[in-house]
Amino acid sequence: MKRFCCFLLLLSAAHLFAQTKVKVAETPPMGWNSYNCFGSAVHEDEVRANADYMAKNLKQHGWQYIVVDFLWSYDNPPGSNIGNPFQKNLQDGSFVPWLTMDKYGRLLPQPNKFPSAFSGKGFKALADYVHSKGLKFGIHVMRGIPRQAVWAKSPVLGAPGITADMIADTASKCPWMNHMYGLNMSKPGAQAYLNSILNLYASWGVDFIKVDDLSRPYSVAEVEGYKKAIDQCGRPIVFSLSPGETPVAQSAHVQQHGNMWRMADDFWDNWKEVTHMFEYAKRWEGKGGPGHWPDCDMLQIGKLSKRGPVGKERYSRFTEDELYTHMSFWCLYKSPLMIGGNMPENRDIELKLFTNDEVLAVNQHGENPKQLYNKDGAMVWYSHIPGSKNLYVGIFNTGDESKNISLNFSDLGLNSKIAVRDLWKKQDAGTFTNNYQQQINKHGAALLMLTVK
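Criteria and cut-off values
Residues numbered from 1 in each chain as written. Predicted model: local features only at pLDDT ≥ 70, side-chain atom pairs only at ≥ 80, totals over all residues. Heavy atoms only, no water. Helix = DSSP H or I, 4+ residues; strand = E, 2+ residues; numbered from the N terminus. Rg over C-alpha atoms; globule rule 2.2 N^0.38 Å. Buried < 20%, exposed > 50% of the residue type's maximum accessible area, 1.4 Å probe, protein only. Contact = heavy atoms within 4.5 Å. Pairing = 2+ DSSP bridges. Axes fitted to C-alpha atoms, helices over the stretch in contact; angles between N-to-C directions. Parallel < 35°, antiparallel > 145°, perpendicular 65-115°, else oblique. Left-handed = near helix turned anticlockwise from the far one by under 90°. Nonpolar A, V, L, I, M, F, W, Y, C, P; charged D, E, K, R; others polar. UniProt positions renumbered as here; feature names shortened; annotations may be inferred. Salt bridge = Lys/Arg side-chain N within 4 Å of Asp/Glu carboxyl O.

Participant: Go over the overall build of the protein chain, please, and point to the residues and values.
Facilitator: The helix and strand tally for the protein chain stands at 12 helices and 23 strands. What you see for the protein chain is a C-alpha radius of gyration of 23 Å, in line with the 22 Å of a compact globule of 453 residues. The principal-axis extents of the C-alpha atoms in the protein chain amount to approximately 75 × 60 × 40 Å. Among the 453 residues that make up the protein chain, the fraction classed as buried is 58%. In the protein chain, 72% of the contacts between residues at least 6 apart in sequence involve partners at least 24 apart.

See below:
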């Protein structure tokens, strides 16, 4: 009888976890990622400093994820900004640089960069610190299995008699980094390997995993493998797919298995990339919703490239108008919001962009963003405010001169008097009939709330 009761309790716990999984990323995740400011060379004290900053200044506005990106298993020497060290083979076939790895072929954080990971402790202490601030912790990983694990014939945990060389697809390689092979998911033990790494991450307290190199080409079997591994690990974990141009033809599949996915290659701080992102967003229009979000990539706002990976250390090259356009569109489109700059170096402008609750509500609560038009250097997008006929509307000047842009209410299906509120200014602009006009600087934007009177 006692065993039967325990069995029922386990079933109940499994059912409860299944319900919890449904709620992952119900709104677009909001957080910080280390890549744009530190490349592969972020250190534990810097991660903690960003967590401290978020907890003090941004948590109350909905920001919650702290994500360690890229090559945390590699030992960047002090002051190094090497973003992508290719491995080389020694005479016996072993690899240099050798990435920090356990006996089961699972990469571990490098203790020179992450001292609390010493003696194989992993990210547990760092995750605990982030959690102690009321935040959530995430990591980046490369798709597949380390080539050094294949050379070492590392045993696969949970698959007796299976070693890494038996499950690797040695023809499946990342074109820009040579540390990993893809997994042949049809091989016995391949799913066990993914299960073993997700179980490890869950034991550390990971809440978010960004899996890189899943889109060249889109790897259906591996995407499904990671999703299965997350589902069995016993912890709700956001699954982010990156990088590259996820094929729109795979929209149904990625919606089913991923919580967020990159629409394009890495986004950086120049205006042409903003206009290209508008095009990607239009292709993915209507594909986002609770639990699954097309991702415009990280917010190029704040202090960037302190140790690479692109260009010299700088504050974002966007003009102030471009910064507001950048933030306005990411919010209106309901992209995940991941801050790319080093937050302790934020200025007043960054704080204004990240702490306007009326603007952030557009990202978290708007529904079904759509483009109204994009012509002659003017673009309008809108989304619905739940439970009402009211709308969020973004007016964007994509041209190179200031212009007066007119918004006709009938084009939005509105035929009565409309109260217009400027969300960035946190001011009511007045009540209007038929249309609303506003002068917009070049590359600038206005983010509005339209209320039916």
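More follows now that the structure is in view.
Participant: Account for the pairing of strand 8 (residues 180–183), naming residues and giving values.
Facilitator: Bridge analysis of strand 6 (residues 145–146) against strand 8 gives 2 bridges, and the strand direction is antiparallel. Bridge pairing in strand 8 links Pro-146 to Met-180. In terms of strand pairing, strand 7 (residues 168–173) meets strand 8 through 3 bridges, oriented antiparallel. When the sheet's bridge partners are listed, Ala-168 is paired in strand 8 with Leu-183.

Participant: Which residues make up unusual backbone geometry, and what values do they have?
Facilitator: Of note, the bond from Val-96 into Pro-97 is cis; its omega dihedral lies within 30 degrees of zero at -10°. Here Pro-97 lies in the loop between strand 4 (95–96) and helix 4 (124–132). With an omega dihedral of 10°, the bond running from Gly-308 to Pro-309 counts as a cis peptide bond. If you trace the backbone, Pro-309 turns up in the loop between strand 13 (303–304) and strand 14 (314–315). At Phe-70, a position not held by glycine, the phi torsion is positive, near 55°. Mapping Phe-70 onto the fold places it in the loop between strand 2 (65–68) and strand 3 (88–89). Not every positive phi belongs to a glycine, and His-443 is a case in point at roughly 60°. By the element assignment, His-443 lies in the loop between strand 22 (435–440) and strand 23 (445–452). Judged by its relative accessible area of 8%, His-443 is buried.

Participant: Can you tell me about the packing of helix 9 (residues 271–283) against helix 10 (residues 320–332), naming the residues and giving the values?
Facilitator: A pair of packed helices is characterised by two quantities: the angle between their axes and the separation of those axes. One can describe the packing of helix 9 onto helix 10 by two numbers: an axis separation of 11 Å at closest approach and a directional angle of 20°. In this view, helix 9 runs roughly parallel relative to helix 10, as classed from their interaxial angle. Like other packed secondary-structure pairs, helix 9 and helix 10 cross with a definite hand, here left-handed. Between helix 9 and helix 10, the residues in contact are Trp-271, Val-274, Met-277, Phe-278 and Ala-281 and Glu-322, Thr-325, Phe-329 and Trp-330, respectively. In terms of residue class, the contact of helix 9 with helix 10 is built from 7 nonpolar, 1 polar and 1 charged.

Participant: Outline the UniProt feature "domain: Alpha galactosidase C-terminal" (unreviewed entry) in the protein chain, listing residues and values.
Facilitator: Here, UniProt's "domain: Alpha galactosidase C-terminal" (unreviewed entry) annotation points to residues 380–450. With 0% helix and 58% strand, residues 380–450 has end C-alpha atoms that lie 13 Å from one another.

Participant: An account of the pattern of salt bridges is requested, with residue identities and associated values reported.
Facilitator: Side-chain pairs of opposite charge can arise whenever the charged atoms involved come near each other. Using the criterion set out here, one finds 23 salt bridges in the structure. Ionic pairing is found between Asp-213 and Arg-143, a salt bridge with its closest N-O pair at 2.9 Å. A residue pair is termed long-range when its members are at least 10 positions apart, and Asp-213 in the loop between strand 9 (208–212) and helix 7 (220–232) and Arg-143 in the loop between strand 5 (136–142) and strand 6 qualify at 70 residues. Note that Lys-306 is salt-bridged to Glu-345, the shortest N-O span being 2.7 Å. With Lys-306 in the loop between strand 13 and strand 14 and Glu-345 in the loop between strand 15 (337–339) and helix 11 (348–354), this residue pair connects regions lying 39 residues apart in the sequence. Note on Lys-306: relative accessible area 26%, which makes it partly exposed. What makes Glu-345 partly exposed here is its relative accessible area of 22%. A cluster of three or more residues bridged by salt bridges with shared partners is formed by Lys-303, Lys-306, Glu-313 and Glu-345.

Participant: Go over the packing of helix 6 (residues 190–204) against helix 7, please, and point to the residues and values.
Facilitator: Two numbers describe how helix 6 lies on helix 7: the axes approach to 8 Å, and their chain directions differ by 50°. When the axis of helix 6 is compared with that of helix 7, the two are oblique. Where helix 6 crosses over helix 7, the two elements pack in a sense that is right-handed. Seen from helix 6, the contacting residues are Gln-191, Leu-194, Asn-195, Ile-197, Leu-198 and Asn-199; seen from helix 7, they are Gly-225, Tyr-226, Lys-228, Ala-229, Ile-230 and Gln-232.

Participant: Describe the sheet that holds strand 10 (residues 238–241), and please don't skip the residues or the numbers.
Facilitator: Spatial strand order, 12-11-10-9-5-2-1-15: 8 strands in an open sheet with parallel pairing. Of all strands in the sheet, those with a lone pairing partner are strand 12 (293–295) and strand 15, marking the two edges. Between one strand and the next, the sheet's axes are offset by a mean angle of 25°, whatever the strand orientation. Note that strand 11 (residues 260–262) and strand 12 share 3 bridges and pair parallel. When the bridges of strand 12 are listed, Arg-262 appears paired with Asp-295. Against the sheet, helix 3 (residues 44–57) touches strand 1 (30–33) and strand 2, its axis set at about 165° to strand 2.

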